[in-house]
Amino acid sequence: MLEAKNEELERFIYTVSHDLKSPLVTIRGFVGLLEKDIAAGDAERVARDLERIQGATERMDRLLNDLVRLSRVGRQLDLSGAVALGELAREAVVRVARPIRERGVDVRIAEALPGVVGDRQQLLEVLHNLLGNAVKFMGEQGEPRVEIGHRPDGDRVVCTVRDNGIGIDARHHDRIFGLFERLDGQREGTGIGLALVKRIVELHGGEVWVESEGVGSGSTFCFSLLRGDGA
Ligand code: ADP
C-alpha cells in the first residue's frame, strides 16, 4: 500500500516537473532568439519572440495555479452531510449553460437521482467538470446529447455522465485521469479537470472510471459514492 503510494507520488512528481519544464524550455529558446533578433535590429521578430515568452509564462502560471488547486481539495472537504444529486446536476447544467447552448447539446437529467454522502461544493465541481468535458469533446456529432444518470450498487450509487461525442480509445482510459494528461492539444484546457475529479471522488472513498467503446462511440464517465438518504 505504502509502496504503491510512493510509486504514485514518484510518477506524479515526474510528470508534473516535466510539464512545468516545458514552458521554461520555450522561454529559454526564445530568449536566445531574442538576443539575435535584437542584435540584427529586426523589430518584428523581437515582438514575436516577446509574445512567445509572454505566452509561456502565462502557461506556467496556469499550470502552477492548477497544481495548487489540486493540493487544496482535501483541505476543504466536508463529508458530514447528504447531497441531492439531481439538484447538483441541475446546478452543473447552469454552470455550463453557455457552451451547452452554443453547441446545441440536448442535456437530460434522469428522474429520481438519489442522495449521496459528500461535500456539496466538491461534488458540484465533479459534475461541472464531467459535463463541461462531455460538451467540449462532442466532435462533429450532429445530435449532441448528454445524459446524467445513476445505477444502484449495493449501499453505493454509481453516477454516470454519458455523451455521444468523440469517445476514448481503451488505451487511454486510465491515463486521462492523470494531471496535465490530454489526448488532444487543440482544445482549451490544461488537463487538470479529470485529475481533480479523481482526487475528489477518491477522498470521498469512491472510484471513478470511464467506459467507452472507443473513438467515435461516445463516453460514459462513472463515479461511485455512498448513498446518502435524507438529501
Ligand atoms: P482538459 O479538459 O483540460 O483537456 P481533463 O483532465 O478534463 O483536461 O481531460 C483530459 C483529457 O481526457 C482531455 O484532454 C480529453 O482528451 C479526454 N476527455 C475528457 N473527457 C472526455 C470526453 N467526455 N470525451 C472524450 N474525451 C474526453
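Before going into details, it helps to say that this report is about the structure given with it. On a predicted model such as this, the values are computed, not experimentally measured, just so you know. (Residues numbered from 1 in each chain as written. Predicted model: local features only at pLDDT ≥ 70, side-chain atom pairs only at ≥ 80, totals over all residues. Heavy atoms only, no water.)

### Examining unusual backbone geometry
Note: most residues except glycine have negative phi, and most peptide bonds are trans. Even without glycine at this site, Ala-112 takes up a positive phi of about 55°. Taking relative accessible area as the criterion, Ala-112 reaches 70% and is therefore assigned exposed. In this structure, Phe-180 is a non-glycine residue whose phi angle is positive, near 65°. Mapped onto the elements, Phe-180 comes out in the loop between strand 5 (156-163) and helix 6 (193-203). (Buried < 20%, exposed > 50% of the residue type's maximum accessible area, 1.4 Å probe, protein only. Helix = DSSP H or I, 4+ residues; strand = E, 2+ residues; numbered from the N terminus.)

### Description of the sheet that holds strand 7 (residues 219-226)
An order of 2-4-5-7-6 is seen for the 5 strands of this open sheet, with the pairing classed as mixed. Among the strands making up the open sheet, the edge pair consists of strand 2 (106-109) and strand 6 (208-211). Each strand axis lies, on average, 20° off the axis of its neighbour in the sheet, ignoring direction. In this fold helix 3 (residues 85-95) packs onto strand 2, strand 4 (145-153) and strand 5, with an angle of close to 165° to the strand it touches most, strand 2. (Pairing = 2+ DSSP bridges. Axes fitted to C-alpha atoms, helices over the stretch in contact; angles between N-to-C directions. Contact = heavy atoms within 4.5 Å.)

### Let's talk about the site of the ligand
Taken together, 20 residues are adjacent to the ligand, and Asn-133, Lys-136, Asp-163, Gly-191 and Leu-194 come closest. Between Gly-191 and the ligand, the recorded distance is 2.8 Å, taken from a backbone N or O atom to an oxygen atom. In this structure, an oxygen atom belonging to the ligand sits 3.4 Å away from a main-chain N or O atom of Gly-193. Coverage of the ligand by the protein chains reaches 97% of its 540 Å² of free accessible surface. Mapped onto the shell around the ligand, the elements with two or more residues apiece are helix 5 (120-136), helix 6 and strand 7. With 3 residues, the top contributor of residues to the shell around the ligand is helix 5. Its residues assigned to classes, the shell around the ligand shows 9 nonpolar, 7 polar and 4 charged. (Near = heavy atom within 4 Å. Polar contact = N/O pair within 3.5 Å; in protein donor to acceptor, adjacent residues only side chain to side chain. Areas by Shrake-Rupley, 256 points an atom, 1.4 Å probe, with all protein chains shown as cover. Nonpolar A, V, L, I, M, F, W, Y, C, P; charged D, E, K, R; others polar.)

### Describing the side chain of Thr-190
With respect to the element layout, Thr-190 can be found in the loop between strand 5 and helix 6. Owing to a relative accessible area of 8%, Thr-190 belongs among the buried residues under this scheme. For Thr-190, the side chain forms a polar contact with the side chain of Asp-66, separated by 2.3 Å. Discounting chain neighbours no more than four positions away, the residues touching Thr-190 are Arg-59, Arg-62, Leu-63, Asp-66, Phe-180 and Arg-182.

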